[in-house]
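Coordinates in review
If you want the building blocks of each chain, they are given just below.
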Amino acid sequence: MQRYFRFLSCIYQKRLEGFTDPERLLLTYRSTVFIMPRDEIVNQLNLIFHDYEKTKELVDYLTLGENRTFVDLQYTPIIVIGDHVVIAPHLVAASNLVRNIVTANKLRTDLVAGTIDPMQKAVADALAEAGFKVEVEAKIRISGKEVETDIVAWRDDTLFLFECKNAYLPCNAHEMRNSFEHIEKADHQLTLRNTTFQAIANQKALFKKLGWNVQPTTAIHTGIVIANRVFHGAKMSGHPVRHAHEFINVVLRGYIGIGDEQISFWKGPTFQTADLVSYLNGQTVIVDQMSSLEPVTQKYLFGPRSLEILTYVLRPEKLDEKIRASRTDVGGDALI
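This write-up is about the structure you can find in this document.

It is worth spelling out the overall build of the protein chain at this point. Looking only at helices and strands, the protein chain has 14 helices and 15 strands in total. Radius of gyration (C-alpha) of the protein chain: 26 Å, far over the 20 Å computed for a compact globule of 336 residues. In terms of principal-axis extent, the alpha carbons of the protein chain reach across some 75 × 55 × 40 Å. When each of the 336 residues of the protein chain is scored for burial, the buried share is 40%.

In structure tokens, the structure reads:
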């Protein structure tokens, strides 16, 4: 489908080469978006796919109709106007159609239904390798309601509750909102679970069901583990948001590579439960990253008014300096 629309786009561009500006520019604006009957686009594409029903389904997936909850032409580049459609062929040719079809039509949930998320499994495997007792998607019925937690872990008289959210990597502001909604949901889930397991009786019931020979504890830590770094370092109602790859590094390796050097951020030569607690509390590598961010204001002028957006830029040299000042190399000798 993308090859077909790239072909159409090339035809338009080739034809426009015979004109000179400003006529060429005007024709580019007016002619590189075409209008055709809705049935005709299906008929044309069916010459390629030779399956009318599947071709129609594909067109429906990419069509911006009245049933859509949001407007994004990368997701739905075929715009319906009555019995006709409007299409910018280069937009179709340049978009990631597979990803956008899955995302805009909520197909991902169907594709992964009944399976454990690979990110969640990787985090659970890392915890188990580090000596934690671990249960994935732990379920327990309390007061007639089933409580499920993505990952329950135990080590050194400390209980950890994690929710894992594998939102797709955002490509625009709308998709950033999707990632935020994921961690908002995790925030709500963890707040309920944290309250639930503050009760000694609920901890005992959980441990009994899991077959863990451990005692209830007052040391409970929570965390939201995410697959992309968009909200890494944030905190939602006291629940820290941490990127999965970095989380795994904290548990299994405990070092940061700077050039040819490997600088450890563990408290000792081997991993301790306190290292994970410090990480979740915003210490070690998190405080280094956050304190290395510098505020930058972007200003956009709109006639007599302006729009100012505050953002942050990570200064690598500043991060390098902070890590070196407070860490040791993997061999154990202080660098500074």
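Within a sheet, neighbouring strands are paired by backbone hydrogen bonds and run either parallel or antiparallel to one another. What the four strands build is an open sheet, ordered E1-E4-E3-E2; its pairing is mixed. Two strands lie at the open edges of the sheet, namely strand E1 (34–37) and strand E2 (63–64), each paired on one side alone. In terms of strand pairing, strand E3 (residues 78–81) meets strand E4 (residues 84–87) through three bridges, oriented antiparallel. Counterpart to Ile 79 in the pairing with E4 is Val 86. Most of the contacts of helix H3 (residues 38–49) go to E1, to which it runs at about 90 degrees, and overall it touches E1, E2, E3 and E4.

Ranked by internal contacts, the top residues of the largest apolar core, which has 27 residues, are Val 123, Leu 127, Phe 162, Phe 247 and Leu 276. At the level of secondary structure, the elements contributing two or more residues to this core comprise helix H8 (118–129), strand E6 (145–155), strand E7 (158–165), helix H11 (244–252), helix H12 (273–280) and helix H13 (285–291). Residues in contact with Val 123, not counting those within four places in the same chain, are Ile 151, Val 225, Ala 244, Phe 247 and Ile 248.

Reading the values: the criteria
Along each chain, the written sequence defines residue order, and numbers are assigned to residues from 1. Local features in a predicted model are, by the rule used here, given only for residues with pLDDT of at least 70; side-chain atom pairs are given and counted only at 80 or more, and totals for whole chains, interfaces and linings are based on all residues. Where side-chain values are given, they derive from all heavy atoms of the structure, hydrogens and water being excluded. Runs of H or I in DSSP of at least four residues are treated as helices and runs of E of at least two as strands, each being numbered from the N terminus. It is over C-alpha atoms that the radius of gyration is taken, and the globule rule equals 2.2 Å times the number of residues to the power 0.38. Partly exposed residues are those whose accessible area sits between 20% and 50% of the maximum for their type, while under 20% is buried and over 50% is exposed, using a 1.4 Å probe and protein chains only. Only strands joined by at least two bridges in the DSSP assignment are considered to pair. Note on definitions: a residue-residue contact is assigned when non-hydrogen atoms from the two residues lie within 4.5 Å. A fitted line through C-alpha atoms serves as each axis, taken over the contacting stretch for helices, and the angle formed by two N-to-C directions is quoted from 0 to 180°. Working definition of a nonpolar core: buried Ala, Val, Leu, Ile, Met, Phe, Trp, Tyr and Cys residues. They are joined through side-chain atoms within 4.5 Å.

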